[in-house]
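# Observations on chain architecture
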Amino acid sequence: MKIIQVVGRANTGKTTFITHLIPALKPYGRVGVIKHLGDHDFRQEEGKDTTIFFENEADISAGIDADKSVVALRTIDLDHMLHLFKHQGIDFAVIEGFKARPFPKIVIGDLPSESCILRNPTVREVVSDFSRFEDY
């Protein structure tokens, strides 16, 4: 599994870049994305059964509808999530944020980074240079 980490300051276009990167990666394999929420928490819908289960200390609470599954895991460990992605057959783990982690990085904007391998690249540049990204 390749780790493609995207970092940058707030409002520099990281999410927009990733939304264009995902369909470009899909012909090469399965894609998973991990977003560091940083200064805000994700809110589950109040009063729904899956939220109630999670609030009552379930380690995993999942819901399945006609189109998708939604899962809340009681973990904040990036390595745990990467392990989960790997064992679910994900070929590309795209990480938004977690800039302190030492993975080779795509930097959007002017954020200083010692492990920057591409700065403000095109999606095509990323896809044509998979070898520069770390294998998990």
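Higher on the page you've got the structure.
Residues numbered from 1 in each chain as written. Predicted model: local features only at pLDDT ≥ 70, side-chain atom pairs only at ≥ 80, totals over all residues. Heavy atoms only, no water.

Quick look at helix α1 (residues 14-25) now. Side chains of residues three or four places apart in an α-helix project in the same direction, reflecting 3.6 residues per turn. The terminal C-alpha atoms of α1, which comprises 12 residues, lie 16 Å apart, in line with the 16 Å expected from a rise of 1.5 Å per residue. Check the buried side of α1 and you find it contacts β1 (2-8), β2 (31-35), β5 (92-96), β6 (105-108) and α4 (123-127). (Helix = DSSP H or I, 4+ residues; strand = E, 2+ residues; numbered from the N terminus. Expected span 1.5 Å × (residues − 1). Contact = heavy atoms within 4.5 Å.)

Another point: the pairing of strand β3 (residues 60-64). Pairing of β3 with strand β4 (residues 69-73) involves 5 bridges; the strand directions are antiparallel. Directly across from I64, in β4, lies its bridge partner S69. (Pairing = 2+ DSSP bridges.)

What follows concerns the side chain of Q5. Along the chain, the position of Q5 falls in strand β1. For Q5, the side chain forms a polar contact with the main-chain oxygen of G97, separated by 2.8 Å. At a separation of 2.7 Å, a polar atom in the side chain of Q5 contacts the main-chain carbonyl oxygen of F98. In this structure Q5 touches I95, G97, F98, K99, R101, F103, P104, K105 and I106, once residues within four positions along its chain are discounted. (Polar contact = N/O pair within 3.5 Å; in protein donor to acceptor, adjacent residues only side chain to side chain.)

Before going further, it helps to spend a moment on the pattern of salt bridges. What the rule picks out here adds up to 6 salt bridges. For E96, the salt bridge identified is with K35, shortest N-O distance 3.0 Å. Of the two residues, E96 sits in strand β5 while K35 sits in strand β2, which places them 61 residues apart along the sequence. The class of E96 is buried, set by a relative accessible area of 5%. (Salt bridge = Lys/Arg side-chain N within 4 Å of Asp/Glu carboxyl O. Buried < 20%, exposed > 50% of the residue type's maximum accessible area, 1.4 Å probe, protein only.)

We now examine the side chain of K2. Locating K2 in the fold gives a position in strand β1. When its relative accessible area of 16% is taken as the criterion, K2 is described as buried.

In this structure, I4, L21, L25, V94, I106 and V126 are the most contacted members of the largest nonpolar core, which totals 17 residues. For this core, the elements supplying multiple residues, two or more each, are β1, α1, β5, β6, β7 (116-119) and α4. Residue contributions to this core peak at 4 residues, all from α1. If near-sequence neighbours (up to four positions away) are discounted, V126 is found in contact with I4, F17, L21, I106, L118, P121 and F133. Ranked by size, the runner-up nonpolar core spans 11 residues in total, among them M1, I34, A93 and F98. (Core = buried A, V, L, I, M, F, W, Y, C linked by side-chain atoms within 4.5 Å.)

Our focus in this paragraph is unusual backbone geometry. Positioned with a positive phi, E57 is a non-glycine residue whose angle comes to about 80°. Relative to the helices and strands, E57 is located in the loop between α2 (49-55) and β3. In this structure E57 comes out as exposed when scored by relative accessible area, which is 55%. Residue F98 is not a glycine yet carries a positive backbone phi of 55°. Of note, F98 is situated in the loop between β5 and β6.

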